[in-house]
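Structural description and commentary
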Amino acid sequence: MPWLPRGQRWVWGLAAVAAVCCLGTILVFAPGYLSPDSLDQLRQAEGKTPLTDWHPPVLSLVWRALIAVTGSIASMLVLQAVLFWGALWVLAWCVWELTASRGGSLAVLGLGLAPFVLTFVGVVWKDVHVAVALLAACAVALTGLLLRDRRPPRPAVRWGLLGLGVLFLAYAMLVRKNAFFAALPVFVMLVLALWRAPGRRTWAMCTAALLAALVVPTAAISLFARPLETEQAAQIMLDDLVHVLEVDELRTADVPPDLRDRLVASAQECERVGALSDAYWACYERPADGLRGDSDEITSLWLREMSGHVPHYLQYRLRLFTTLLFETDDPYKAGVSRNDLGIEVAHPRLEDMLGTYVKGMVTDVPWLFRGWFWLAVALVLAIRPGKGRFSMPVRALGISSAAYILGYLPIMPATDFRYVYWPAIACTLGLLLLWLGRGTALPPPKSPGATPDRAVTAQQPADAGGR
């Protein structure tokens, strides 16, 4: 493209690389890797089973809409891949514009090929949707930072970017309730990226926009889709009861005899098989209505007993949390789980190649797939974000990651790597921005009557190229 300036040629080159990676992702993961949870949501999306709130209804409804438009279940994989690589391309473009670093912008795209990131990109999981939505919100925030530092955008552009970022953040929280811990710092980053010094009115209007983006879809889903209530929160309380109380205490629990017998049997079975968590699926004799019939009794028992077993409760939760940090499970989800829908992986050899890559890296560098490593990186980024142009985004990414991991302490149902998937992505991006911002200075504040400020670069990176 000789008719384009060199800088624009590089941006379009990055877009081409992102497009190739996106197509490769779709090819390798087709029609989307599906766990039992994914298959359950697919059945709901296709109307083969009733819509429930055990998994986020919004994901099933989005999938239903995609299937209605395209006629293919692989449309969800395409959506995930396009949003993921599109967000990385926008981030790479912003890095190029702000630092003129070819290597830095390529490194941002390369983030998507890291084994601890690529492992789940094509898995249809709510955890992946949280990560992709938050990454897209970060891309919107960095776009706002670029426009603000170059030439303050018009109000319509600024509020349009805020609306787009808020939609991504709201979706992340709708698809996983505890994503609130991760989304709030990203929301603050979004506002500070669009307004250098937002006042109280601006904060109030931005917060109102975020609340509206949460409340309106939630109410619409409840009124029109009417998902069946499953009382999933009782699953966490069940874990606490069967792991904190002694079997003899469960035998004398003030609950209906049938539930008492199932609690006793669950505690004994969990001890026999060594299940530290996820008792509902691993050890519990589930009645036909799941937890709906037992949730009130389980909740009442939990409230009565945990207040008298605080030391044991804390010990159990801390033990489970340390297992997530130091013995993180399931760093790779292979293909499509066995199902009665006739769905199989489209390209088994490519699946084998991906599995070899990820599992080989798990063996060679296991700390990249451990929760403790990403929590440590998150705390460093939050405390020492540097003093360059990207210090604010770096700190926000660190706080978001640390808050997300620590937020699992009282509610963690298992110890899977997918629970630290967003922190792994956010911390890697934060480290890249910290490195790229070393030689840059923040733009000076505008004085009254001054012309729109331009980015000020104290020292270009060594690989800076011509524009």
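Residues numbered from 1 in each chain as written. Predicted model: local features only at pLDDT ≥ 70, side-chain atom pairs only at ≥ 80, totals over all residues. Heavy atoms only, no water.

**Examining the state of the cysteines**
Test applied: Two cysteine sulfur atoms make up a disulfide if the distance between them is within 2.5 Å. The helix and strand labels rest on DSSP assignments: H or I over at least four residues marks a helix, E over at least two residues marks a strand, and numbering proceeds from the N terminus.
Taken as a whole and judged by the stated rule, the model has one disulfide. Linked covalently through their sulfurs, Cys-270 and Cys-283 form a disulfide whose S-S length is 2.1 Å. Disulfide Cys-270 to Cys-283: torsion about the S-S bond roughly 115°, handedness right-handed. Highlighted residues: Cys-270 in helix H13 (residues 257-273) and Cys-283 in the loop between helix H14 (279-282) and helix H15 (295-306), separated in sequence by 13 residues.

**A short note on the pattern of salt bridges**
Cut-off, in case you're wondering: The salt bridge definition used is simple: a Lys or Arg side-chain nitrogen within 4 Å of an Asp or Glu carboxyl oxygen.
Summed over all chains, the structure comprises eleven salt bridges. For Arg-262, the salt bridge goes to Asp-258, with nearest N and O atoms at 2.6 Å. You can see Arg-262 and its partner Asp-258 sitting in helix H13, four residues apart, about one turn around the helix. Linking Arg-418 and Asp-416 is a salt bridge whose minimum nitrogen-to-oxygen distance equals 3.6 Å. One salt-bridge network, in which partners are shared between bridges, spans Asp-37, Asp-127, Arg-176, Asp-416 and Arg-418.

**Description of the packing of aromatic side chains**
Aromatic rings in a pair are described by how distant their centres are and how their planes are angled relative to each other. Going by this rule: Any Phe, Tyr or Trp ring, taking Trp's six-membered ring, that has another such ring centre within 6.5 Å forms a pair; planes under 30 degrees apart are called stacked, those over 60 apart edge-to-face, and the others tilted. Exposure classes here rest on a 1.4 Å probe applied to the protein chains alone. A residue is buried below 20% of its type maximum, exposed above 50%, and partly exposed in between. To sit over a ring, a charge needs its Lys NZ or Arg CZ within 6 Å of the ring centre and within 35 degrees of the ring normal.
This structure, assessed with the given rule, holds 20 aromatic pairs. On the basis of an interplanar angle of 55° and a centroid distance of 5.6 Å, the ring pair of Phe-369 and Phe-417 is categorised as tilted. With Phe-369 in the loop between helix H17 (348-364) and helix H18 (371-383) and Phe-417 in the loop between helix H19 (391-406) and helix H20 (421-436), the pair connects residues that are 48 residues apart, well separated along the chain. For the pair Phe-369 and Phe-417, a shared accessibility class is recorded, and that class is buried. A connected cluster of aromatic rings, assembled from ring pairs, spans Phe-116, Trp-367, Trp-372, Phe-373 and Trp-374. Taking the ring centre of Trp-10 as reference, the NZ or CZ of Arg-102 above it sits at 4.7 Å.

**A closer look at the nonpolar core**
Taken as a class, soluble globular proteins show a tendency for nonpolar side chains to be buried jointly. Formally: Think of a nonpolar core as a cluster: buried Ala, Val, Leu, Ile, Met, Phe, Trp, Tyr and Cys residues, connected wherever their side-chain atoms sit within 4.5 Å. Between two residues, a contact is recorded if the distance between any of their heavy atoms is within 4.5 Å.
Formed by 161 residues in total, the largest nonpolar core has its most connected members in Trp-63 and Trp-422. When near neighbours in sequence (up to four residues on either side) are disregarded, Trp-422 contacts Ala-131, Leu-134, Leu-135, Cys-138, Ala-182, Val-186, Leu-397, Ser-400 and Tyr-404.

**Quick look at the side chain of Arg-317**
Mapped onto the elements, Arg-317 comes out in helix H16 (residues 310-326). For Arg-317, a relative accessible area of 2% translates into the label buried.

**Considerations on the side chain of Thr-52**
One can find Thr-52 in the loop between helix H2 (36-45) and helix H3 (57-70). Judged by relative accessible area, which is 13%, Thr-52 ranks as buried.

**A closer look at a negative patch on the surface**
How we decide: Residues enter patches when their relative accessible area tops 30% and they take part in no salt bridge; the joining distance is 9 Å for like charges and 5 Å for the nonpolar side chains Val, Leu, Ile, Met, Phe, Trp and Tyr. The Shrake-Rupley method, run with a 1.4 Å probe sphere, supplies the accessible areas, and residue values consider only the shown protein chains as cover. The convention is simple: Lys and Arg are positive, Asp and Glu are negative, and His and the chain ends are not counted. A charge is said to be at NZ when it belongs to Lys, at CZ for Arg, at CG for Asp and at CD for Glu.
A cluster of acidic side chains, namely Glu-229, Glu-231, Asp-254, Asp-296 and Glu-297, defines a negative patch on the protein surface. Residue class for Glu-229 comes out exposed when judged on its relative accessible area of 55%.

**Examining a nonpolar patch on the surface**
Nonpolar side chains collect at one region of the surface, where Phe-180, Phe-181, Leu-184 and Val-188 lie side by side and expose about 320 Å² of accessible area between them. Note on placement: Phe-180 falls in helix H9 (residues 180-194).

**Considering H17**
An α-helix turns once per 3.6 residues; consequently, residues spaced three or four apart project the same way. Using the following cut-off: Expected span of a helix, by definition, is 1.5 Å for each gap between consecutive residues, and there is one gap fewer than residues. Within this analysis, the arc is defined by the directions that extend from the helix axis to the C-beta atoms.
Between the first and last C-alpha of H17 there are 24 Å, a value that for 17 residues agrees with the 24 Å anticipated at 1.5 Å per step. Glu-351, Leu-354, Gly-355 and Val-358 are the residues of H17 that are buried. Considered in projection along H17, the buried side chains sweep an arc of 100° and stay on one side of the axis. Exposed residues lying more than 90 degrees from the buried face of H17 are Arg-349, Met-353, Thr-356, Thr-363 and Asp-364.

**Brief notes about helix H5 (residues 102-110)**
Quick note on the threshold: By the criterion applied in these results, polar contacts are pairs of N or O atoms within 3.5 Å in which, for protein atoms, one can donate a hydrogen and the other can accept it, and in which residues neighboring in sequence qualify only through two side-chain atoms.
Listing the buried residues of H5 in full gives Gly-104, Ser-105, Val-108 and Leu-109. Looking down the long axis of H5, one finds its buried residues gathered within 145° of arc, a one-sided arrangement. In this structure Ser-101 caps H5, since a side-chain oxygen of it lies 2.8 Å from the backbone nitrogen of Gly-104.

**Overview of the confidence of the model for the chain**
Formally: Each residue carries a pLDDT value, the predictor's own confidence for that position, ranging from 0 to 100.
Chain-level pLDDT for the chain is 92 on average; 92% of the residues reach the 70-or-more range. Note that residues 446-467 has pLDDT below 50 and, in this model, 59 contacts with residues that lie over four places away or in other chains.

**A look at the packing of H9 against helix H10 (residues 200-225)**
So the rule is basically this: As a rule, the C-alpha atoms of each element are fitted with a line to give its axis, helices using only the stretch in contact, and angles between N-to-C directions run from 0 to 180 degrees. Just so you know how the angles are binned, under 35 degrees is roughly parallel, over 145 roughly antiparallel, 65 to 115 roughly perpendicular, and the rest oblique. Handedness of a crossing is defined here by the sense of rotation of the near helix relative to the far one, left-handed for an anticlockwise turn of less than a right angle and right-handed for a clockwise turn. All amino acids are sorted into three groups, where Ala, Val, Leu, Ile, Met, Phe, Trp, Tyr, Cys and Pro are nonpolar, Asp, Glu, Lys and Arg are charged, and the leftover types, Gly among them, are polar.
Between H9 and H10, whose axes approach to 11 Å, the crossing angle comes to 135°. By the angle class used here, H9 and H10 are oblique. Remark: the crossing between H9 and H10 carries right-handed chirality. Residues Phe-187, Val-188, Val-191 and Leu-192 of H9 lie in contact with H10, whose contacting residues are Trp-203, Cys-206, Thr-207 and Leu-210. Looking at the contact of H9 with H10, its residues break down into seven nonpolar, one polar and no charged.

**Quick word on the environment of Val-108**
Secondary-structure assignment places Val-108 in helix H5. Apart from residues no more than four positions distant in its own chain, Val-108 is found in contact with Leu-88, Leu-91, Ala-92, Val-95 and Leu-432.

**Observations regarding the environment of Met-189**
Position of Met-189 among the secondary structure elements: in helix H9. C-alpha separation for the pair Met-189 and Thr-299, spaced 110 residues apart in sequence, amounts to 37 Å. For Met-189, the residues in contact, after removing those within four places along its chain, are Cys-138, Ala-141, Met-392, Pro-393 and Ala-396.

**As for the environment of His-55**
Among the structural elements, His-55 can be located in the loop between H2 and H3. Exposure remark for His-55: the relative accessible area of 4% places this residue in the buried category. Beyond its immediate chain neighbours, meaning those up to four positions away, His-55 contacts Asp-37, Asp-40, Gln-41 and Lys-126.

**Quick word on the packing of H3 against helix H4 (residues 75-99)**
Where H3 meets H4, the closest approach of the two axes is 9 Å, and the angle between their N-to-C directions is 110°. As far as their axial angle goes, H4 and H3 are roughly perpendicular. Note on element contacts: H4 touches H3 through Ser-75, Met-76 and Leu-79, opposite Leu-59, Val-62, Trp-63, Leu-66, Ile-67 and Thr-70. Across the contact of H3 with H4, the residue classes tally to seven nonpolar, two polar and no charged.

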